[in-house]
Amino acid sequence: MTSLIPHNTNTEELLKSLNVIVETGLDESEAKSRLTKYGENKLREKKKKTLLQRFFDQFKDAMIIILLIAAAISFAIAIYEGHPKEFFEPFLILFIVILNAAIGVAQESKAEKALEALKSMSALKAKVIRGGVEKLIDSHEIVPGDIIRLEAGDFVPADARLVKSSSLKSEESALTGESVASEKDATAVIKENAPLGDRINMVYSGCSITYGTAFAVVTATGMETEIGKIAGMLDNEGEIKTPLQIKLEKLGKYLGFLALAVCGVIFIIGLIDKIPVMDIFMTSVALAVSAIPEGLPAIVTIVLSIGVQRMVKKNAIIRSLPAVETLGSASVICSDKTGTLTQNRMTLVKAYVDGGSSLEQISSSNTASVIGLLEFGTLCSNGSIRIEEDGTESHIGDPTETSIVLAAHKNGSTQNDLNSKYPRIAEIPFDSDRKLMSTINSIGDKKIVIVKGAFDVLSSRCIKGDIENARCMNDEMSDSALRVIAIAYKEISQVPEKLKPEEIEKDLIFMGLVGMIDPPRPEAKEAVSICRKAGIKPVMITGDHVKTASAIAKELGILTPGDGAITGPELDAMSDEELDSKVDHISVYARVSPENKIRIVKAWQKKDQVVAMTGDGVNDAPALKAADIGCAMGITGTDVAKGAADMTLTDDNFATIVDAVEEGRGIYANIKKVVGFLLGTNIGEVLTVFLAMLIWRKTPLISMQLLWINLVTDSLPAIALGMEAVEKGIMNHKPKPKNESIFAGGLGLKVVLQGTMFALLTLIGFFFGDKLGTSQGQTMAFMVLATCQIVQAFNMRSDHSVFKLGVFTNKKLNFAAIVSILSIALVLFTPVSEAFGLSYLPFQYYLLGLLLSFIPLGVLELIKAITAKKESNIN
């Protein structure tokens, strides 16, 4: 590949450097040699984890490791005891661990798709000149120095410098973010540091040709292309752990240390009191099981899965489960403009007719003079529209032209009718040098030349019309970030045999101007407003011009007083320190590169912000992956963006992200309820076993009983808590800080106090039951602790009174409570009780157990009432 900078080098020098002649191209032997040297025109694939590796990854969690140790100890005891019944416990623990791992693998997202999607974007075939003959070859055989021929409809197989071009336009929105096809010019020599969107003498791999023809010399293939560089960045971007994953990992470690510490104390007590070693080991296993919320990873996964199903109904598809919670934590949303905040469709919005004093808004009932202007613009357009029976619009051709055609159509002048009524006699196609297009139409008995194009060019060719006023109107529209097209005409007596632009496009009568823009989505403004109310900073990142981007951003409320807008080159000139100091006040980034996008995302992340990135193009993919959560567009989004993102918005509606954030916040609140509910049980269990050993030197609960409470009795109510409806007003609060503990807001203290209460109630039950025997004491302890949890599940639904909320309004929790009660009854009142070491009790003991179980309801309702009164006094 050449060491020269292709867009900054003239073609003669570049061709010499690549040792190729345009007319003959490379010969086959040289092409083969270069293929060996540079490799195939393909993207490097990333090695994926095997299913087995992904399965074993599930065992890296601290909680699971402790359970495996507990299972190993239990197996050793079972072997030592030699009784078949003893193996039930270790097998039960192992079954739970393996089930949890299987759920984890089943819920993981599909293998990484980004590189495969990038690869599929490469053109399958390419037209090249080899040995002076044009050939059609597989695109992966393209090498640097190949001369390729391009025409409308072609995908560009590799990055290439234009050698010859005729009215060439390339659709590069996936790489640059611009909604309008880029006009190309083979003769241009561009500045070395020009952004990608300004390199009009280049075409890029994976983009398409929408207009014109060209010959180009290939300058980069495979991983050296712009798409290849993006693929490389995707390959190098490591996976980011979500806040929830980090918090649960820390929680597992803390619980592990707690279990080891308590086991150590029990061992010391046991050795001092000369308790048999096997009994100490059995108690230690019970403590390990009681300290670990075995069901927590699986239940959190299920709660997230339920959240995913809810979000699908709201047009959001989640690619990784923890991303649901991360979205709820989002404090910054970096959004691409084209197709995300805007409609990705040029729309005519204003018009000016010569002699007028103001601009007229485009509608379906414009004035006759504006309709006439639109009709002339339509007659001088090759783009077309198709409207289906259901009202769906299809735009074919140049979006600038289709916007004019659609505006005329809405005013009752369809393109087909106009072309039939005023047939086209001749045409001079658009040329990027002239910046004009002309047609000659038969209108009545006259031959009318219609010319449209850039105002600065067209105005100099007019001999009639108020050009100065038109210039003011042009500036006004340009200042509003509108793309302006001028239209003029003249009458000729006859059509020349040879159409010469310099003759046809002169002595014109100025007719008017039309202004168009890629408009904001109607719902985006409200979505941005809600985001701001929720404490979320919206940031626009686009490849479009800064003027256009700023106008859209102001209209949407993204760019507010005190905020700034900068370009990619300006960002490149900033040091990391300077960007870090200014990033809070920059709301619009224009003409950016993929590297810029990642830098912006990481600048926010340095400030401990949870960054969400929305986008649809190839150029968004690296930043989508680098962000805490990436949101891709489902309809207009490329496969590359979808593969790199954590979430896909199936309706391409920016407003959907607001629903997703709300749902994410609700799910996180529910997960906190689940964690509080389960850990309250675990702390109660640990304190029960630990205090009983201190007081009576015996354990009130064995490991199998604890596993039954943790995994059977508690699991369904925990899942039902996770399905609690999102509480009102959740979007009126700021996002929680990235480093906020899951126990923030007093949850940690509540869990400890509630666990202590459960332990005291359980020990009271054990005290009374133990008078009848150890087995009866354990039965009483089991019943009190298990039924306490069912009552507690209703307490955990809200910080407000459960009676005001409606005790039985969560139907899923009602069902879960019934199933849990039946599961308790199963091991208390059937022969299964023997396997769990439980015994039957006198009737009054069951009544005492139920009475103890309902005490938490009264205590917590009293606390909620006191808290509510304090809050009302403050307000």
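Our subject is the structure listed above.
Residues numbered from 1 in each chain as written. Predicted model: local features only at pLDDT ≥ 70, side-chain atom pairs only at ≥ 80, totals over all residues. Heavy atoms only, no water.

Participant: Help me out: how do you make sense of the overall build of the protein chain in this one?
Facilitator: The helix and strand inventory of the protein chain stands at 34 helices and 25 strands. Of all 875 residues assigned to the protein chain, the portion counted as buried reaches 56%. Long-range contacts, defined here as pairs at least 24 residues apart, represent 72% of the contacts in the protein chain between residues at least 6 apart. With the model as given, the accessible surface of the protein chain reaches about 37,000 Å², and the carbon-plus-sulfur share is 59%. (Helix = DSSP H or I, 4+ residues; strand = E, 2+ residues; numbered from the N terminus. Buried < 20%, exposed > 50% of the residue type's maximum accessible area, 1.4 Å probe, protein only. Contact = heavy atoms within 4.5 Å. Areas by Shrake-Rupley, 256 points an atom, 1.4 Å probe, with all protein chains shown as cover.)

Participant: Would you mind going over the pattern of salt bridges with me for this structure?
Facilitator: Two side chains carrying opposite charge are able to pair once their charged atoms lie near each other. A full pass over the atoms with the stated rule returns 37 salt bridges. Where Lys42 meets Glu40, a salt bridge forms, and the shortest distance between an N and an O atom there is 3.2 Å. A relative accessible area of 37% places Lys42 in the partly exposed class. With a relative accessible area of 38%, Glu40 lands in the partly exposed category. For the salt bridge of Glu183 with Arg483, the shortest nitrogen-to-oxygen distance reads 3.8 Å. You can see Glu183 sitting in strand 5 (residues 182-183) and its partner Arg483 sitting in strand 18 (residues 483-492), a full 300 residues away along the chain. In this structure, a network of salt bridges that share partners links the residues Glu28, Arg130, Lys135 and Asp146. (Salt bridge = Lys/Arg side-chain N within 4 Å of Asp/Glu carboxyl O.)

Participant: I tried to follow helix 31 (residues 774-795) on my own but got confused; where do I start?
Facilitator: Every α-helix winds through 3.6 residues per turn, so residues three or four apart in the chain are directed the same way. If you check helix 31, its first and last C-alpha atoms are 31 Å apart, about what 22 residues at 1.5 Å a residue would give, namely 32 Å. Counting buried positions over the 22 residues of helix 31 gives 20, a clear majority of the element. (Expected span 1.5 Å × (residues − 1).)

Participant: Honestly, unusual backbone geometry in this entry has me stumped. Any pointers?
Facilitator: Leaving glycine aside, a negative phi is the common case for residues, and trans is the common case for peptide bonds. A positive phi angle, close to 70°, is found at Asn315, a residue other than glycine. In this structure, Asn315 sits in the loop between helix 11 (296-313) and strand 8 (316-318). At Arg697, a residue that is not glycine, the phi angle is positive and equals roughly 55°. Structurally, Arg697 is set in the loop between helix 27 (656-696) and helix 28 (703-713).

Participant: I would appreciate a short explanation of the sheet that holds strand 20 (residues 537-541) in the present structure.
Facilitator: Adjacent strands of a sheet pair through backbone hydrogen bonds, lying either parallel or antiparallel. On the basis of which strands lie adjacent, the open sheet formed by eight strands has the order 8-25-24-23-9-20-22-21 and mixed pairing. Looking at the sheet topology across the chains shown, the edges are occupied by strand 8 and strand 21 (564-567). Direction aside, the axes of adjacent strands within the sheet are offset by 20° on average. Pairing of strand 21 with strand 22 (residues 586-590) involves four bridges; the strand directions are parallel. Its bridge partner lying in strand 22, Thr567 is registered against Ala590. (Pairing = 2+ DSSP bridges. Axes fitted to C-alpha atoms, helices over the stretch in contact; angles between N-to-C directions.)

Participant: It is not clear to me how the pairing of strand 20 should be interpreted in this structure. Could you clarify?
Facilitator: Within a regular strand, the side chains alternate between the two sheet faces. Of all five residues that make up strand 20, five are buried, and the element is covered over most of its length. Every second residue of strand 20 is oriented toward a common face, with Lys537, Val539 and Ile541 on one face and Pro538 and Met540 on the other, all of them buried. Relative to strand 22, strand 20 runs parallel, the two sharing two bridges. For Met540, the partnering residue across the bridge sits in strand 22 and is Val588.

Participant: Just checking my understanding: could you explain the side chain of Ser823 for this structure?
Facilitator: Turning to its location among the elements, Ser823 is positioned in helix 33 (residues 811-829). Those residues in contact with Ser823 that sit more than four places away from it in its chain are Trp708, Val712 and Thr713.

Participant: I'm lost on the packing of aromatic side chains in this one. Help?
Facilitator: The relation between two aromatic rings is expressed through the spacing of the ring centres and the mutual angle of the planes. Overall, the coordinates contain seven aromatic pairs when judged by the stated rule. Seen in terms of ring centroids, Phe455 and Phe510 are 6.1 Å apart; in terms of plane orientation they differ by 80°. Their pairing is edge-to-face. Taken together, the residues span a long stretch of sequence, with Phe455 in helix 17 (residues 455-459) and Phe510 in strand 19 (residues 508-517) at a distance of 55 residues. Among the residues examined, Phe510 registers a relative accessible area of 2% and is labelled buried. For the pair Phe794 and Phe808, a centre-to-centre distance of 6.1 Å together with 80° between the ring planes defines the contact as edge-to-face. Taken together, the positions of Phe794 in helix 31 and Phe808 in the loop between helix 32 (802-805) and helix 33 put the pair 14 residues apart, joining distant regions of the chain. The exposure class of Phe808 is exposed, given its relative accessible area of 60%. It is Lys169 that lies over the ring of Phe430; its NZ or CZ is 4.9 Å from the centre. (Phe/Tyr/Trp six-rings, centres within 6.5 Å; stacked < 30°, edge-to-face > 60°. Lys NZ or Arg CZ within 6 Å of the ring centre and 35° of its normal.)

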